[in-house]
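Residue strings, one per chain:
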Amino acid sequence: MLLQSVRPNIVQAIRAYRVDDLMRAAQESGQHFLFANLTDAQSKQDVLETIATSFLFPQHFGKNLDALYDCMTDLVNKSGAQPGFVVVLEHIPDNGKFDRESREQLLDVFRDAADFWADRKVPFRCFYSFQ
């Protein structure tokens, strides 16, 4: 199985993995598959709005990094036991409106979420690519 070759609770570049294979692996293992195609996003606000829409966050989502963390952790944790997560952030912007610091801050939220779920013994794997 594909996910057995990737340690749990990690945030890493998608590299040789294909989105379809990751989706299939998540389904086969009964884990949540969360996918956001950020090709059209240019700014931090665009990125957060696209993630919120793609991940079906509640309407009251605050569209900031703290709210993103809360939605990826506490909100989901309060809904009951979780089987695990495979998250794909495809084509994170690389431009003046969403620079390296912005990308690292976004990925730090997912790294913190991975730590949150690791503490609860729930696998959380996040894969990303840049535009």
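All chains use their own residue numbering, which begins from 1 and follows the written sequence. Local features are withheld for residues below a pLDDT of 70 in this predicted model, meaning they are given only at 70 or higher, and side-chain atom pairs are given and counted only at 80 or more; totals for whole chains, interfaces and linings count all residues. Side-chain measures here rest on the full set of heavy atoms in the structure, leaving out hydrogens and waters.

A. Looking closely at the packing of helix α3 (residues 65–72) against helix α5 (residues 100–119). Between N-to-C directions, angles span 0 to 180 degrees; the directions come from axes that are lines fitted to C-alpha atoms, helices contributing only their stretch in contact. The secondary structure listing takes helices from DSSP runs of H or I that are at least 4 residues long and strands from runs of E that are at least 2 residues long, numbered from the N terminus. Where α3 contacts α5, the axes come no closer than 10 Å and their chain directions differ by 30°. Between α3 and α5, the interaxial angle falls into the category roughly parallel. The handedness of the crossing between α3 and α5 comes out as right-handed. Residues Leu65, Leu68, Tyr69 and Met72 of α3 form the contact with α5, whose participating residues are Gln105, Leu106, Val109, Phe110, Asp112, Ala113, Phe116 and Trp117. Partitioning the contact of α3 with α5 into residue classes produces 10 nonpolar, one polar and one charged. Throughout this description, any angle smaller than 35 degrees is read as roughly parallel, any larger than 145 degrees as roughly antiparallel, any in the 65 to 115 degree range as roughly perpendicular, and the remainder as oblique. The handedness criterion is simple: a crossing whose near helix is rotated anticlockwise from the far helix by less than a right angle is left-handed, and one whose near helix is rotated clockwise is right-handed. Should any heavy atoms of two residues lie within 4.5 Å, those residues are considered in contact. We call Asp, Glu, Lys and Arg charged. Ala, Val, Leu, Ile, Met, Phe, Trp, Tyr, Cys and Pro are nonpolar, and the rest, Gly among them, are polar.

B. Quick look at the layout of surface pockets. Space inside the largest pocket adds up to approximately 190 Å³. Forming the walls of the largest pocket are 13 residues, and the residues nearest its centre are Leu34, Phe55, Phe57, Cys71 and Val76. Elements that contribute at least two residues to the lining of the largest pocket include exactly β2 (32–37), α3 and α4 (74–77). Of the residues that constitute the lining of the largest pocket, the class distribution is 10 nonpolar, three polar and no charged. In this analysis the probe radius is 1.4 Å and the grid spacing 1 Å, with only protein atoms considered; a cavity is a set of points the probe fits into but cannot get out of, a pocket is an open set with protein on both sides within 12 Å along at least five of seven lines, and lining residues have an atom within 4 Å of a point. Grid points are joined across faces, edges and corners, and a volume is the space filled by probe spheres set on the points.

C. Quick look at the sheet that holds strand β3 (residues 85–92). Whether two strands pair depends on DSSP finding at least two bridges between them. Strands sit in the order β1-β4-β3-β2 across an open sheet of four strands; the sheet is parallel. Of all the strands in the sheet, just β1 (10–13) and β2 have a single pairing partner and so form its edges. Pairwise comparison of adjacent strand axes, ignoring direction, gives a mean angle of 15° for this sheet. Here six bridges tie β3 to strand β4 (residues 124–130), and the two strands are oriented parallel to one another. Within β4, the residue paired with isoleucine 92 across the bridge is phenylalanine 130.

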